[in-house]
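For reference, the chains in residue letters:
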Amino acid sequence: MHHMPLEQVRHRIAAGQPLPFNVYRPDATLLLARGQVLQSHHQVEALCERGSLVDLHELRPAAADPATAAREQLPRLWQASMERVGQVLRTPAAETFRGALDEAAAPLHTLIDRDPDLAIFQILRQEGNPHTEYGVTHSVHAAIVARLVAQRLGWPAADMQRAFKAALTMNIAILELQGELAEQAHGPTEAQQAQIRNHPARGRSMLELAGIVDADWLRAVAEHHEERDGSGYPSGLREPSELATLLHRADVYCAKLSARAGREAEAADRAGREIFMQDPGHPICAALVKEFGVYPPGCFVALACGETGVVIARGATVMTPIVAAMTSVYGHPLPEPVRRDTREPMYAITGVLPRRQMRARLQPEKLVALGA
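Okay, so let's go over this structure. Note that this is a predicted model, so its numbers are computed, not measured.

Examining the overall build of the chain
In terms of regular secondary structure, the chain is built from 13 helices and nine strands. Rg of the C-alpha trace for the chain: 22 Å, near the compact-globule value of 21 Å for 372 residues, within the 12% margin. Seen along its three principal axes, the alpha-carbon backbone of the chain occupies a region of about 70 × 50 × 35 Å. By the burial criterion, 50% of the 372 residues in the chain qualify as buried. As displayed, the chain offers around 16800 Å² of accessible surface, 52% of which is attributable to carbon and sulfur atoms. Once the 39 positive and 43 negative side-chain charges of the chain are each reduced to a mean point, those two points are 3 Å apart.

Below, the structure is given as structure tokens:
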């Protein structure tokens, strides 16, 4: 069995209501069976304080477990997991927030570990996400970037977890505003600019009120728009933490890849190049480009043979990913996507395409099978 502290799912227990799962002692022996009733809030607190545990497999149905689900189910699980994280981010309540965030983030960690290429695919292909959802989807996408780059940099597991959660929450003070900005064709108003400049400090305050006490996490949220040349905000610091720098790069990279009412998404190869050129000597910038490649999964591309398709997996080099061809050399949608290895000269990538030039409809379940 795999256990986690009861403290992290305390929000799912209510005094006077049956327990929704078994509760185990710190040595993993059964303490309380599912269905038993705790009569008071103090009993709940006592269980948490003594280090009681719950079994992860009891928290979600096995059929929906990202670690064991069939590959064709993974796109649906990604969507469900992102929606759950969104619910938590929109309601940061004291006492329950930390546990709710840990629980909601756990499936995303599993999905990333199981298929990092599919995780990157989520960032570039955002069909079905209205601009009003921009704040939440952007937070999840930035968290994916932060975690993958932290892993490439060789950060310890605890630091990768912290990077993921800090990225999820760095814009918690402006989730709704981000949706508004994505929908409006003009730039931010003076009032909106004030909210933007204040959101790192306000976000830190919101997290502190919600029970977050991790000093590195809080500092990174407060500093994630600071720059080493002092041009950042809100304080003009010249020495932001390494985690804050990672969050900033992830934030900017995902913003470049996102379409808004006033502009199309930036081409993936250009976005990566711009991130690298911002600070070519910084290891975080170099790691981001190496991790995502020139043509990351989800990128629409043209092939030397005349076909067009979408990148579904990273390849042997940053220039040679695996592509699912979606249209023929004559521009007609193919009945089924076809796997292409771009190391072969006839399937070499000749350019990146904007979404409007892709005539075929994406079928995530079929693409997942080809990317295996």
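Digging into the nonpolar core
Across soluble globular proteins, nonpolar side chains show a tendency to be buried alongside one another. Counting 86 residues, the largest nonpolar core has Trp78, Val145, Leu246, Phe292 and Val310 as its most contacted members. Here this core takes nine residues from helix H5 (residues 134-152), the largest share from any one element. Those residues in contact with Val145, other than ones at most four positions away along the chain, are Ile123, Ala250, Tyr253, Cys254, Leu288 and Phe292. The next biggest cluster of nonpolar side chains, apart from the first, holds 14 residues, and it includes Met4, Val23, Val44 and Leu59.

Focus: the side chain of Lys165
If you trace the backbone, Lys165 turns up in helix H6 (residues 157-169). Take Lys165: its relative accessible area is 10%, and that puts it in the buried class. Those residues in contact with Lys165 that sit more than four places away from it in its chain are Arg98, Leu101, Asp102 and Trp217.

A short note on the sheet that holds strand E8 (residues 333-341)
A sheet is described by the order of its strands in space; here five strands give the open sequence E8-E7-E6-E5-E9, paired in antiparallel fashion. Two strands close off the open sheet at either side, each with one partner strand: E8 and strand E9 (349-352). For this sheet, the mean angle separating the axes of adjacent strands, direction not counted, is 35°. Contacting strand E6 (308-313), strand E7 (322-327) and E8, helix H13 (residues 364-371) crosses the sheet at an angle of about 25° to E8.

Digging into the pairing of strand E5 (residues 300-303)
Looking along a regular strand, one sees side chains alternate from face to face of the sheet. Judged by which residues are buried, E5 turns out to be covered on both faces: Phe300 and Ala302 on one side and Val301 and Leu303 on the other are all buried. Taking the residues that link successive antiparallel strands as the turn, the E5-E6 hairpin has four residues, and the phi of Gly306 there is positive, at about 105°. As paired elements, E5 and E9 share three bridges and run antiparallel to each other. Pairing of Leu303 across the sheet is with Ile349, part of E9.

Concerning the packing of aromatic side chains
Using the criterion set out here, one finds one aromatic pair in the structure. On the numbers, 5.2 Å between centres and 70° between planes, the contact of Tyr253 with Phe292 is edge-to-face. Linking Tyr253 in helix H10 (residues 242-256) with Phe292 in helix H12 (residues 283-292), this pair joins segments that are 39 residues apart in sequence. You can call Phe292 buried: its relative accessible area is 1%.

Digging into the pattern of salt bridges
Evaluation of the coordinates by the stated rule reveals 21 salt bridges. Of the charged contacts, one joins Asp113 and Arg147 as a salt bridge, the two residues approaching to 2.8 Å between their closest N and O atoms. Of this pair, Asp113 sits in helix H3 (residues 97-114) while Arg147 sits in helix H5, placing them 34 residues apart in sequence. The residue Lys366 makes a salt bridge to Glu336 at a minimum N-O spacing of 3.0 Å. Remark: Glu336 occurs in strand E8 and Lys366 occurs in helix H13; sequence separation between them is 30 residues. The class for Glu336 is partly exposed, based on a relative accessible area of 42%.

What counts, and where the lines are drawn
Residues numbered from 1 in each chain as written. Predicted model: local features only at pLDDT ≥ 70, side-chain atom pairs only at ≥ 80, totals over all residues. Heavy atoms only, no water. Helix = DSSP H or I, 4+ residues; strand = E, 2+ residues; numbered from the N terminus. Rg over C-alpha atoms; globule rule 2.2 N^0.38 Å. Buried < 20%, exposed > 50% of the residue type's maximum accessible area, 1.4 Å probe, protein only. Areas by Shrake-Rupley, 256 points an atom, 1.4 Å probe, with all protein chains shown as cover. Lys, Arg positive; Asp, Glu negative; His and termini not counted. Charge placed at Lys NZ, Arg CZ, Asp CG, Glu CD. Core = buried A, V, L, I, M, F, W, Y, C linked by side-chain atoms within 4.5 Å. Contact = heavy atoms within 4.5 Å. Pairing = 2+ DSSP bridges. Axes fitted to C-alpha atoms, helices over the stretch in contact; angles between N-to-C directions. Phe/Tyr/Trp six-rings, centres within 6.5 Å; stacked < 30°, edge-to-face > 60°. Salt bridge = Lys/Arg side-chain N within 4 Å of Asp/Glu carboxyl O.

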